[in-house]
Amino acid sequence: MSAASNLRSEDQFLCSICLDVFTDPVSTPCGHNFCKTCISQHWDMNQSCKCPMCNETFNIRPQLRVNTFISEVVAQFRREAQQKASSSSSEQQAAKAGEVPCDVCTGTKLKALKSCLVCQTSYCQTHLEPHLTKEALKRHQLIDVAENLEGRMCTKHDKPLELFCKTDQTCVCMLCSVLDHKNHEFVPLREEYEGKKAELEKTEAEIQQMIQKRQLKIQEVTESVKMSKDAADRQKAEGVQVFTALKESVERRLKKFIKEIEDKQEATEKQAEGLIKDLEQEISELMERSSKVEQISCSEDHLHLLQSFSSLKAAPPTKDWTEVRVHPPSYEGTVVRAVAQLDETVWKYMNDLFDAELQQVQQYAVDVTLDPDTAQTNLILSDDGKQVHCGDVRKNLPDNPERFSDCVMILGEQSFSSGRFYFEVQVKGKTKWDLGVARESINRKGKITLSPQNGFWTVVLRNGNEYIACADPPVRLFLLPGPEKVGVFVDYEEGLVSFYDVGAAALIYSFTGCSFTHKLHPYFCPSLSYCGKNSAPLIICPVNQTTSTTDFI
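Procedures and definitions
Counting restarts for each chain, with residues numbered from 1 along the sequence as it is written. Whole-chain, interface and lining totals are the exception, using all residues; otherwise, since this is a predicted model, local features are given only for residues with pLDDT of at least 70 and side-chain atom pairs are given and counted only at 80 or more. The side-chain quantities take in all heavy atoms of the structure and omit both hydrogens and water. Every angle, taken between N-to-C directions, lies between 0 and 180 degrees, and every axis is a line fitted to C-alpha atoms, over only the stretch in contact when it is a helix. What counts as a helix is a DSSP run of H or I of at least four residues, what counts as a strand is a run of E of at least two, and both are numbered from the N terminus. Roughly parallel refers to an angle under 35 degrees, roughly antiparallel to one over 145, roughly perpendicular to one between 65 and 115, and oblique to any angle outside these ranges. Note on convention: near helix rotated counterclockwise from far helix by under a right angle means a left-handed crossing. Clockwise means right-handed. Should any heavy atoms of two residues lie within 4.5 Å, those residues are considered in contact. Only protein chains enter the accessibility calculation, which uses a 1.4 Å probe. A residue is then buried if its area is under 20% of the maximum for its type, exposed if over 50%, and partly exposed in between. We call two strands paired when DSSP finds no fewer than two bridges between them. What pLDDT expresses is the predictor's confidence in each residue, scored from 0 to 100. Here, a salt bridge means any Lys or Arg side-chain nitrogen found within 4 Å of an Asp or Glu carboxyl oxygen. Each patch groups residues whose relative accessible area exceeds 30% and which form no salt bridge, using 9 Å between like charges and 5 Å between nonpolar side chains of Val, Leu, Ile, Met, Phe, Trp and Tyr. Every accessible area reported is derived by Shrake-Rupley at a probe size of 1.4 Å, with residue values counting cover from the shown protein chains alone. We define the nonpolar core as a collection of buried residues of types Ala, Val, Leu, Ile, Met, Phe, Trp, Tyr and Cys that are connected through side-chain atoms lying within 4.5 Å of one another. Any N or O atom pair separated by 3.5 Å or less is treated as a polar contact, with the protein-specific requirement of one donor-capable and one acceptor-capable atom, and with residues adjacent in sequence counted only for side-chain atom pairs.

Undergrad: Is there a simple way to think about the packing of helix H7 (residues 189–297) against helix H8 (residues 302–313) in this case?
TA: Each pair of packed helices can be described by the angle between their axes along with the distance between the axes. Two elements in contact, H7 and H8, have axes separated by 10 Å at closest approach and are oriented at 155 degrees. Taken together, the axis directions place H7 and H8 in an arrangement best described as roughly antiparallel. Handedness of the H7/H8 crossing: left-handed. Contact residues: Arg289, Lys292, Val293 and Ile296 in H7; His304, Leu305, Ser308, Ser311, Leu312 and Lys313 in H8.

Next comes the structure, spelled out in structure tokens:
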């Protein structure tokens, strides 16, 4: 029998009540066929016995017997259908892990292609055929294969969830829209699906953008680590080179020092050897003369004694050794001179290093301007906010919380809470000043003590030549001559504040191991004028790098 005839004849073997192939088919007096159980239950549930197909009423409930002809034909149909299903199943794939299996297949479960919301069943290609060909089943709602079909049905009305209630933001069935969600706003599931899908696509795009930003940040951090490692390697190589050179210089100086001493000692020894040789020669001659004198003295020959007396009595031709001495060489100052020469070499290296270091920190130069709202009332600022000196008259200014009340101090407008920054200040012509950085939360009223504990990291000049780093405790600095321009460098994360003599390209002092948790401001104090002796202003200068920092990297 062909597939087409099978499809045509299948309608004849479906019970109109259960919509499945007949089981124990029976015929009613009106000639229609049903499953015996289906028609019996149908009549049991109704007061009268009617044919579900033509509505013919039977006054007496018919006695139903299995129609053997139809039963045999149905059995043959089932066998052919099973053979067809078996043949078709060999072409279809069995359901794999994670795939939805066909609910109808017995034995090997094939992969389901569609799910029916009405039947609450998923079907493979073979068992899906009736839903595609039978008019009664075509009205069922098929969806892409899905698990948990019960979750797609309204638990209250047992109807498919087909609408979306925008008011309650939930999926509902048709009865819900009439009964439980009256006057609410509804849209078909597909319409809401499209909208939500568009939102999800937008969200996905935003997530991808966030991922991309974080990937770029990872690249940035990785590059920073690489740059840091490269810088560390360069610094190590430079340090090895410098200390190797210093070591070689020390060894050369030591060899020269030892050779100088040994040369002096050798010269002394040679001089002494010459003197000893001469003395030994004269001793030999004198001993020979003494022997002759002794021999003649013992002689009984009067004539011979008298003839030899005059030659033996005369003083022998010897050198006067009275003032002859070996003077040991003086080694005083030899070590000092050697160390002094080494010191010059070390300072040459140090100056080269400081110059390189200064060039490196100058690349972090920032533009600093003075903040007039913090200036003590005696201070006079230039129009560009780059110079400050102390006047003799207090100005009538509001005593705002930011302003220093008594001490002639002022902060920079700019604040820094991360990274590195550097600025330079001219102090030429002054006999007293303070410079550095201060925590934004410092006390600004009354007497102020400069110290890191109080939020100040500063270097100060007192009495024209006393330089002090205001640490805990303060550190006296020996700077001769004093700087005319001071550079201030801060590495916030490293906890470092360094001061430089810009003209000499030399390090003045460094605060290390600082723990910064607040914003930092540049700090200035031009101090009092002292009858004009300290009237020169503090001047914030532009940073001029005379040498490229790459020369020292």
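There's more to say after this.
Undergrad: Please clarify how the pairing of strand S23 (residues 538–541) should be interpreted in this entry.
TA: Where a strand is regular, its side chains alternate between the two sheet faces. Alternating residues of S23 divide into Leu538 and Ile540 and Ile539 and Cys541, and every residue in both groups is buried. The pairing of strand S12 (residues 387–390) with S23 spans two bridges and is classified as antiparallel. Note that in S23 the partner of Gln387 across the bridge is Ile539. Where strand S14 (residues 420–426) lies against S23, three bridges are found, and the strand directions are antiparallel.

Undergrad: Could you clarify how one ought to interpret the confidence of the model for the chain in this entry?
TA: Low-pLDDT stretches of the model should not have their predicted coordinates read in fine detail. Put simply, the chain has an average pLDDT of 85, and 91% of its residues get 70 or more. Predicted confidence for residues 1–8 stays below pLDDT 50, and this span has seven contacts to residues more than four positions away or in other chains. For residues 547–553, every residue scores under 50 in pLDDT, and the model assigns this stretch 12 contacts once sequence neighbours within four places are set aside.

Undergrad: I keep staring at the sheet that holds strand S10 (residues 186–188) and nothing clicks. Help me out?
TA: Sheets are built from strands paired through backbone hydrogen bonds, the pairs being either parallel or antiparallel. Within the open sheet, the three strands sit side by side as S9-S8-S10. Their pairing is antiparallel. Looking at the sheet topology across the chains shown, the edges are occupied by strand S9 (170–172) and S10. Averaged over neighbouring strand pairs, the angle between their axes works out to 35 degrees when direction is ignored. Of the pairings in the sheet, the one linking strand S8 (residues 163–165) to S10 comprises three bridges and is antiparallel in character. When the sheet's bridge partners are listed, Leu163 is paired in S10 with Pro188. Contacting S8, S9 and S10, H7 crosses the sheet at an angle of about 85 degrees to S10.

Undergrad: I would appreciate a short explanation of the pattern of salt bridges in the present structure.
TA: When the charged atoms of two side chains with opposite charge come close together, those side chains can pair. Under the defined criterion, the tally for this structure stands at 16 salt bridges. Between Arg420 and Asp491 there is a salt bridge, with the nearest N and O atoms lying 3.0 Å from each other. Taken together, the positions of Arg420 in strand S14 and Asp491 in strand S19 (residues 485–491) put the pair 71 residues apart, joining distant regions of the chain. Its salt-bridge partner being Arg462, residue Asp434 comes within 2.9 Å of it at the nearest N-O pair. Of the two residues, Asp434 sits in strand S15 (residues 433–439) while Arg462 sits in strand S16 (residues 456–462), which places them 28 residues apart along the sequence. For Asp434, a relative accessible area of 3% gives the class buried. Take Arg462: its relative accessible area is 23%, and that puts it in the partly exposed class. Three or more residues are tied together by salt bridges with common partners; here these are Lys166, Glu192 and Lys196.

Undergrad: Can you walk me through a nonpolar patch on the surface in this structure?
TA: Taken together, the side chains of Leu175, Val178 and Leu179 make up a nonpolar region of the molecular surface, amounting to roughly 270 Å² of accessible area. Topologically, Leu175 is positioned in helix H6 (residues 174–179).

Undergrad: How should I be thinking about the sheet that holds S12 in this particular structure?
TA: One open sheet holds the seven strands; their spatial order is S11-S12-S23-S14-S19-S20-S21, and the pairing between them is antiparallel. Each edge of the sheet is formed by a strand with only one pairing partner; in this case those strands are strand S11 (379–381) and strand S21 (506–511). Direction aside, the axes of adjacent strands within the sheet are offset by 20 degrees on average. Judged from the seven bridges that link them, S14 and S19 form a sheet pairing that is antiparallel. In the sheet register, Tyr422 faces S19, and the bridge partner there is Phe489.

Undergrad: Is there a simple way to think about the nonpolar core in this case?
TA: As a rule of thumb, soluble globular proteins bury nonpolar side chains together. Trp433, Phe511 and Phe524 are the most contacted members of the largest nonpolar core, which has 52 residues in total. Here the element with the most residues in this core is S16; it accounts for five residues. Val26, Ile39, Trp43 and Phe58 belong to the second-largest nonpolar core, a separate cluster that totals 18 residues.

Undergrad: Is there a simple way to think about the side chain of Asn534 in this case?
TA: Structurally, Asn534 can be placed in the loop between strand S22 (520–525) and S23. The buried category is assigned to Asn534, whose relative accessible area is 2%. In this structure the side chain of Asn534 is engaged in a polar contact, spanning 3.0 Å, whose partner is the backbone oxygen of Pro526. Separated by 3.0 Å, the side chain of Asn534 and the backbone oxygen of Leu528 make a polar contact. Those residues in contact with Asn534, other than ones at most four positions away along the chain, are Lys430, Thr431, Lys432, Pro526, Ser527, Leu528 and Ser529.

Undergrad: What is the right way to look at unusual backbone geometry in this model?
TA: Most of the time, phi is negative for any residue but glycine, and the peptide bond is trans. Cis peptide bonds are those with omega within 30 degrees of zero, and the linkage from Asp472 to Pro473 qualifies with 0 degrees. With respect to the helices, strands and loops of the structure, Pro473 is situated in the loop between strand S17 (466–469) and strand S18 (475–477). Look at the link from Leu480 to Pro481: it is a cis peptide, with omega at -5 degrees. Of note, Pro481 is situated in the loop between S18 and S19. A positive phi is found at Cys531, a non-glycine position, where the angle reads about 55 degrees. When you line up the elements, Cys531 lands in the loop between S22 and S23.

Undergrad: Would you mind showing me how to read the environment of Ser115 here?
TA: With respect to the secondary-structure elements, Ser115 resides in strand S5 (residues 114–116). As a C-alpha pair, Ser115 and Val502 span 387 residues in sequence and 83 Å in three-dimensional space. Contacts of Ser115, omitting those with residues within four sequence positions, involve Thr121, Ser122, Gln141, Leu142, Ile143, Asp144, Val145, Ala146 and Leu149. A polar atom in the side chain of Ser115 sits 2.8 Å from the side chain of Ser122.

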